[in-house]
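The primary structure of each chain is shown beneath.
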Amino acid sequence: MSYQVLARKWRPRNFQEMMGQEHVLRALINALDSQRLHHAYLFTGTRGVGKTTVARIFAKSLNCEQGITSRPCGICGACREIDEGRFVDLIEVDAASRTKVEDTRELLENVQYSPTSGRYKVYLIDEVHMLSTHSFNALLKTLEEPPPHVKFLLATTDPQRLPVTILSRCLQFNLKRMAPETIRAHLAHVLGQESITAEPAALSQLARAADGSMRDALSLLDQAIAFGGGQVTEADVRIMLGSIEHAQVVALAEALAARDGAALLRHSAELAEFAPDYGDVLAELISLLYHVAVVQAVPAAAADETYAEAAARLAGAISPEDVQLFYQIALIGRRDLSLAPAPRSGFEMVLLRMLAFVPAAAGEAAASAPPAAAAPRHSAPVTAVPVMPAPVKAAAVQVAAPSAPRAPAMPASSQSVAGGAPAAAHADDWNTLIDALRLHGIARELAVNCSLKARDGDVFHLVIAPVHASLRNARLEQRLQESLSTHLGRPVKLVFSIAAPEAETPALMKERVSQDRLRAAQESIAQDGNVKTLQEMFEARVVPESVQPVD
């Protein structure tokens with residue numbers, strides 16, 4: 001007897017043997033058990049997830065000689081003929097090879113005739129999206145109102161290409177990609193029935209390579225059995241698939257954890273000897289980083305056995321922030337790998353980018369920081385773009401100007417007052433407090449337009465000019481008082497009065513500093529030798545409004 005491939009030998013014969021797709025099976029089983037049958041069903045999903053298999057089992061359930069049931073017997077004439085593909089009332093059509101409208105009309109000419117031997121005449125149209133527009137139009141009326149003895153089962157991998165008039169006449173079921181765990185469990189079951197030994201890591205590789213398709217997984221398993229001479233090992237599967245050793249991916253991750261650029265390039269050179277697909281290498285690294293992140297977030301979570309030990313070890317060597325950073329860089333790098341001049345250089349650039357963006361530790365940052373300047377910088381190099389007499393618009397000139405000096409912290413003498421006498425208050429003290437409070441909106445406008453007249457213990461006497469008196473209201477004053485109390489760690493009281501401020505308010509101080517900086521910038525431009533040369537040679541002029549100090 002000739003050998004039968006595993007994908008055909010282990011095709012499910014009933015709904016109970018189906019792996020995954022419980023959301024579809026539940027609906028079909030309930031419909032069969034309650035005899036609530038629609039005349040047209042559409043099964044969608046990627047290749048190898050069971051669309052045609054579900055349709056054939058459904059046809060068997062409709063025509064089983066023991067009656068309409070969700071558990072066909074499998075031994076009657078109708079069940080055996082459907083399994084063997086020779087049931088006369090199950091008409092399977094490959095729409096990809098019969099796209100013409102003449103083919104569809106010929107097919108529909110026999111719809112009116114009763115079934116030959118079964119209970120229903122079932123039309124199973126695979127890859128239905130390949131039909132032409134005229135074919136869909138010819139099918140439309142029959143699909144909407146078929147004879148009572150006819151059922152249509154449609155299957156497609158691309159439902160978006162179906163006309164909405166077809167979709168609206170069918171019950172649609174979307175079959176999902178299968179999880180690698182489900183595929184691996186089924187492969188282990190098949191190998192157990194076939195009495196073939198296999199390493200669990202090899203089955204995990206096959207399950208991931210199948211990309212959600214059970215048929216692809218069984219085909220790969222057939223290939224692995226032939227490649228390994230009757231057994232399935234991790235090394236053979238890795239060679240067959242052209243994948244790399246997991247130890248090499250772990251070594252890359254360990255070099256990243258150690259921030260060892262030399263080790264990274266050395267491991268990359270070792271990988272290059274096998275001419276790998278660097279996109280697959282990054283995919284494996286992304287998978288490892290995912291398992292590390294899971295272990296860090298939920299230590300009790302079950303990790304993939306392939307990376308379980310390495311993930312647990314790396315979880316303590318790499319911070320969660322760095323894991324997320326590496327994951328994102330690897331993800332983007334894999335997407336952009338095709339843009340690199342060479343795959344290897346693009347791959348190594350991704351690894352080096354991970355090192356470059358790792359935040360430096362506090363000690364490293366202090367060691368690498370440049371020495372502080374002996375004196376504050378008062379001026380900076382100035383560049384200017386003159387305005388020519390011709391109708392050419394001048395560019396804005398950015399000028400570095402000295403920044404306002406930071407106000408000193410509030411002295412201790414003003415925080416606690418002996419004998420209850422009012423302490424001397426300074427504008428700088430109030431400005432410092434306002435910056436520390438980080439107020440926003442109108443509450444900040446109220447604060448910056450007040451000046452601190454005096455402070456009596458925890459009582460602040462504030463003065464606001466009459467022009468800004470409209471900013472005052474009970475809610476904003478209460479908000480400012482609560483914010484100040486929270487900052488100082490004890491309750492305080494604010495007493496407001498309306499008068500001309502004796503001291504400079506934070507708003508006036510900011511305006512003064514801004515004007516000083518602008519004036520310094522304009523003076524720097526005016527004294528710049530390059531600007532003077534341009535003015536003399538080309539009669540250029542500087543637009544005052546275009547001069548702005550550098551923030």
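Residues numbered from 1 in each chain as written. Predicted model: local features only at pLDDT ≥ 70, side-chain atom pairs only at ≥ 80, totals over all residues. Heavy atoms only, no water.

**So, the environment of alanine 258**
Spelled out, the test is: Each helix is a run of DSSP H or I of at least 4 residues and each strand a run of E of at least 2, with the numbering of both proceeding from the N terminus.
Inspection of the secondary structure assignment puts alanine 258 in helix H12 (residues 246-258). In this structure the C-alpha to C-alpha distance between alanine 258 and leucine 355, which are 97 residues apart in sequence, comes to 9.7 Å.

**As for the sheet that holds strand S8 (residues 459-464)**
The cut-off we apply is this: Pairing between two strands requires that DSSP report at least two bridges joining them. Orientation is described by axes fitted as lines to C-alpha atoms, over the contacting stretch for helices, and by angles from 0 to 180 degrees between their N-to-C directions. The criterion used for residue contact is that any of the two residues' heavy atoms lie within 4.5 Å.
Sheet architecture is open: three strands sit in the order S7-S8-S9, paired in mixed fashion. Only two strands of the sheet have a single partner each, and these edge strands are strand S7 (450-456) and strand S9 (493-498). Sheet twist, expressed as the average angle between the axes of neighbouring strands with direction ignored, equals 25 degrees. In terms of strand pairing, S8 meets S9 through six bridges, oriented parallel. Its bridge partner being in S9, isoleucine 464 is matched across the sheet by isoleucine 498. Of the strands in this sheet, S7, S8 and S9 are in contact with helix H22 (residues 474-488), which crosses S9 at around 140 degrees.

**Concerning the pattern of salt bridges**
Note the threshold: The term salt bridge refers to a side-chain nitrogen of Lys or Arg lying within 4 Å of a carboxyl oxygen of Asp or Glu. Exposure classes here rest on a 1.4 Å probe applied to the protein chains alone. A residue is buried below 20% of its type maximum, exposed above 50%, and partly exposed in between.
Tallied over the full model, the rule gives 18 salt bridges. Of the charged contacts in the structure, one is a salt bridge between glutamate 477 and arginine 472, with a shortest N-O distance of 2.5 Å. Here glutamate 477 falls in the buried class, since its relative accessible area comes to 17%. Two residues, aspartate 516 and arginine 519, come together in a salt bridge whose shortest N-O distance is 2.4 Å. Separated by three residues within a single helix, aspartate 516 and arginine 519 lie in helix H23 (residues 506-527), roughly one turn from each other. Accessibility expressed as a relative area gives 41% for arginine 519, which makes it partly exposed. One connected set of salt bridges, linked through shared partners, spans Glu504, Arg512, Asp516 and Arg519.

**Details of a nonpolar patch on the surface**
Here is the rule we go by: Patch definition: residues with relative accessible area over 30% and no salt bridge; like charges joined within 9 Å; nonpolar side chains (Val, Leu, Ile, Met, Phe, Trp, Tyr) joined within 5 Å. Note on areas: Shrake-Rupley, 1.4 Å probe, and residue coverage restricted to the protein chains presented here.
Residues Leu265, Met349 and Leu352 make up a contiguous nonpolar surface patch of roughly 250 Å² in combined accessible area. A relative accessible area of 35% places leucine 352 in the partly exposed class.

**Things to note about the nonpolar core**
In globular proteins that are soluble, nonpolar side chains generally tend to be buried together. We apply this condition: What makes a nonpolar core is a set of buried Ala, Val, Leu, Ile, Met, Phe, Trp, Tyr and Cys residues whose side-chain atoms join them at distances within 4.5 Å.
Grouped together as the largest cluster of nonpolar side chains are 36 residues, with contacts concentrated most on Leu288, Phe347 and Met354. Only H12, helix H13 (261-272), helix H14 (278-297), helix H15 (308-315), helix H16 (320-335) and helix H17 (343-356) provide two or more residues apiece to this core. Other than its neighbours up to four places away in sequence, phenylalanine 347 contacts Leu252, Ser268, Leu271, Tyr278, Val281, Leu282 and Leu337. Core analysis: the second largest hydrophobic core is formed by 29 residues, Phe15, Val24, Leu25 and Val54 among them.

**Regarding the packing of helix H21 (residues 441-448) against H22**
Here is the rule we go by: Just so you know how the angles are binned, under 35 degrees is roughly parallel, over 145 roughly antiparallel, 65 to 115 roughly perpendicular, and the rest oblique. Residue type decides the class: Asp, Glu, Lys and Arg count as charged, Ala, Val, Leu, Ile, Met, Phe, Trp, Tyr, Cys and Pro as nonpolar, and the leftover types, Gly among them, as polar.
One way to put it is that H21 packs onto H22 with a least axis distance of 10 Å and a crossing angle of 80 degrees. One finds that H21 runs roughly perpendicular with respect to H22. Seen from H21, the contacting residues are Ile442, Ala443, Leu446 and Ala447; seen from H22, they are Leu476, Glu477, Arg479 and Leu480. When its residues are assigned to classes, the contact of H21 with H22 shows six nonpolar, no polar and two charged.

**So, the side chain of threonine 233**
Where we set the bar: By the criterion applied in these results, polar contacts are pairs of N or O atoms within 3.5 Å in which, for protein atoms, one can donate a hydrogen and the other can accept it, and in which residues neighboring in sequence qualify only through two side-chain atoms.
With respect to the helices, strands and loops of the structure, threonine 233 is situated in the loop between helix H10 (214-227) and helix H11 (234-241). Relative accessible area serves as the criterion here: at 16%, threonine 233 is assigned to the buried category. Engagement of the side chain of threonine 233 in a polar contact is seen with the side chain of aspartate 236, the distance being 3.0 Å. Excluding residues within four positions of it along the chain, threonine 233 makes contact with Glu199 and Ala202.

**Notes on the packing of aromatic side chains**
Under the convention used in this document: Ring geometry is summarised as follows: Phe, Tyr and Trp rings, the Trp one being its six-membered ring, pair when their centres sit within 6.5 Å, and such pairs are stacked at plane angles under 30 degrees, edge-to-face over 60 and tilted between the two.
Counted under the stated rule, the structure contains six aromatic pairs. Aromatic side chains tyrosine 278 and phenylalanine 347 sit 5.1 Å apart centroid to centroid with 35 degrees between the ring planes, which places their arrangement in the tilted category. Here the residue tyrosine 278 occupies a position in helix H14, and phenylalanine 347 occupies one in helix H17, the gap between them amounting to 69 residues. Take tyrosine 278 and phenylalanine 347: they sit in the same class, and that class is buried. An aromatic cluster is defined as three or more aromatic residues linked by ring pairs; in this entry it consists of Tyr41, Phe43, Phe58 and Phe173.

**Observations regarding the confidence of the model for the protein**
Note the following rule: pLDDT runs from 0 to 100 and stands for how confident the predictor is about each residue.
Chain-level pLDDT for the protein is 82 on average; 86% of the residues reach the 70-or-more range. When the criterion is pLDDT under 50, residues 365-425 qualifies, and its contacts beyond four places in sequence or with other chains add up to 84 contacts.

**A word on the side chain of threonine 156**
Its location among the elements puts threonine 156 in strand S4 (residues 150-156). At a separation of 2.7 Å, a polar atom in the side chain of threonine 156 contacts the side chain of histidine 129. Dropping the residues within four chain positions of it, threonine 156 is found in contact with Leu42, Phe43, Thr44, Gly45, Lys51, Glu127, Val128, His129 and Leu162.

**Points about the sheet that holds strand S1 (residues 40-44)**
Note on sheets: strands pair through backbone hydrogen bonds, and any given pair is parallel or antiparallel. Ordered by their spatial adjacency, five strands build an open sheet running S2-S3-S4-S1-S5, and the pairing between neighbours is parallel. A strand with exactly one partner marks an edge of an open sheet, and here the two such strands are strand S2 (90-94) and strand S5 (171-174). The sheet shows a mean angle of 15 degrees between the axes of neighbouring strands, direction not considered. Here five bridges tie S2 to strand S3 (residues 121-126), and the two strands are oriented parallel to one another. In the sheet register, isoleucine 91 faces S3, and the bridge partner there is tyrosine 123. Of the strands in this sheet, S1, S2, S3 and S4 touch helix H3 (residues 51-63), which is tilted by about 180 degrees from S3.

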